[in-house]
Amino acid sequence: MDFNVKKLASDAGVFFTRAVQFTEEKLGQAEKTELDAHLENLIARGDCTKNWTEKIFRQTEVLLQPNPIDHTGARIEEFFYEKLDRKIPTRTTNGELLGQYMQDAAKDFGPGTPYGSTLITVGEYQKKLGGAEREFLQASAVSFLTPLRNFLEGDWRTISKERRLLENRRLDLDVCKARLKKAKLAEAKAAAEQELRVAQTEFDRQAEVTRLLLEGISSTHVNHLRCLHEFVEAQAAYYAQCHKHMQELQKELSSANGDAFPNAFAVNASTSGISAGPSPLSGGSIPGHPAASSSPLEPAPLKIEEVKPPATGTRKAKVLYDYDAADTSELSLLADELITVYTVPGMDPDWLIGERGNQKGKVPVTYLELLS
């Protein structure tokens, strides 16, 4: 018990002398031992690395999970699993949940109806997008977030602890220097010199330990660089997979529209007295399907070879997706190519006339990005 009290008193005394030395240095009333330039540069570099790693880590978390406290309580759940050192269970993504809602709705609306069947198709692809998102989140957490967190919670904590110890050793050294200056008697000077030698040795040893740890920041940068490449690869694969799924979905909807839309609109058309189906003159065939045959009461079909571009009104367009012409009146397209487009009087607004060199034909507007 006596030992503990003495140790407590000793520690309190050391803390007090350090506090006095620190205060006097701030007030300019005491000399301060400066660290060498190399160590100062390492400390500044370490602080910079810690600050930016923390910001990148936090913002990446926001990117991967925008809503910290959503209806699922995802972040809170993950926090408890991490503290309990338990594996976080696989969680349904928002895309997968949306896809399930769509497919459940289709059961009530009728899977055989145009709307119900389309909901089933779109719901299936929403699930695929959600699955791709989940894989991306898992890959990013393992390859990027975890190494950054390990640095902040592991290596940097060790560095911070050793830096605090270095600062204490530096304060002890300066206290010893001040005592030596104040010593008058030879015996007091000898004792102060001995304390100074011990303090200098401890300071030098701690400075070397801190320097070695801070020089390891270079290895941390190399490791984080590799992790950054892996994160970008995972992100690129995710977006490529999403793009592929969306292209497949658009093609499925495009091929299904020929059956779905006429049936869906037939009821409204019959009650309003308007004939269903696109006009042959307007070039209004559904993408992927030939135009309906004309009746004696309808104008003759549009003849592409007779269409002339207007004096003004032509535009450049970039093709977004590949498109295979359904008949000779349409123009096949390749993604990313540039073509000239224009419209003619009476033409379906969902279609344009496209020209590529000497080739000419109808092209669907949804496959284009108009540039000018």
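Further up the page is the structure itself.
Now for a look at the structure at hand. A quick note: this is a predicted structure, and the numbers were derived from the prediction, not measured.

What counts as what
- Residues numbered from 1 in each chain as written.
- Predicted model: local features only at pLDDT ≥ 70, side-chain atom pairs only at ≥ 80, totals over all residues.
- Heavy atoms only, no water.
- Phe/Tyr/Trp six-rings, centres within 6.5 Å; stacked < 30°, edge-to-face > 60°.
- Buried < 20%, exposed > 50% of the residue type's maximum accessible area, 1.4 Å probe, protein only.
- Axes fitted to C-alpha atoms, helices over the stretch in contact; angles between N-to-C directions.
- Helix = DSSP H or I, 4+ residues; strand = E, 2+ residues; numbered from the N terminus.
- Parallel < 35°, antiparallel > 145°, perpendicular 65-115°, else oblique.
- Left-handed = near helix turned anticlockwise from the far one by under 90°.
- Pairing = 2+ DSSP bridges.

1. Considering the packing of aromatic side chains
Then, number 1: Inspection of the entire model under this criterion finds eight aromatic pairs.
Then, number 2: Where F151 meets W156, the ring centres are 6.2 Å apart and the plane angle is 45°; that geometry is what we call tilted. This pair shows no difference in class: F151 is buried, exactly as W156 is.
Then, number 3: Ring geometry for Y321 and Y367: centres 5.8 Å apart, planes at 90°, overall edge-to-face.

2. So, the packing of helix α4 (residues 94-109) against helix α5 (residues 114-182)
In helix packing, the relevant descriptors are the interaxial angle and the interaxial distance, both defined with respect to the helix axes.
Then, number 1: Axis separation between α4 and α5 bottoms out at 7 Å; the angle between their running directions is 165°. In terms of axis orientation, α4 runs roughly antiparallel to α5. Read as a crossing pair, α4 and α5 show a hand that is left-handed.

3. Observations concerning the pairing of strand β4 (residues 359-364)
Then, number 1: With six bridges connecting them, strand β3 (residues 351-356) and β4 associate as antiparallel partners. Bridge pairing in β4 places L352 opposite V363.
Then, number 2: Counting the residues that bridge the hairpin from β3 to β4 gives two residues, and of these G357 lies at a positive phi of roughly 65°.

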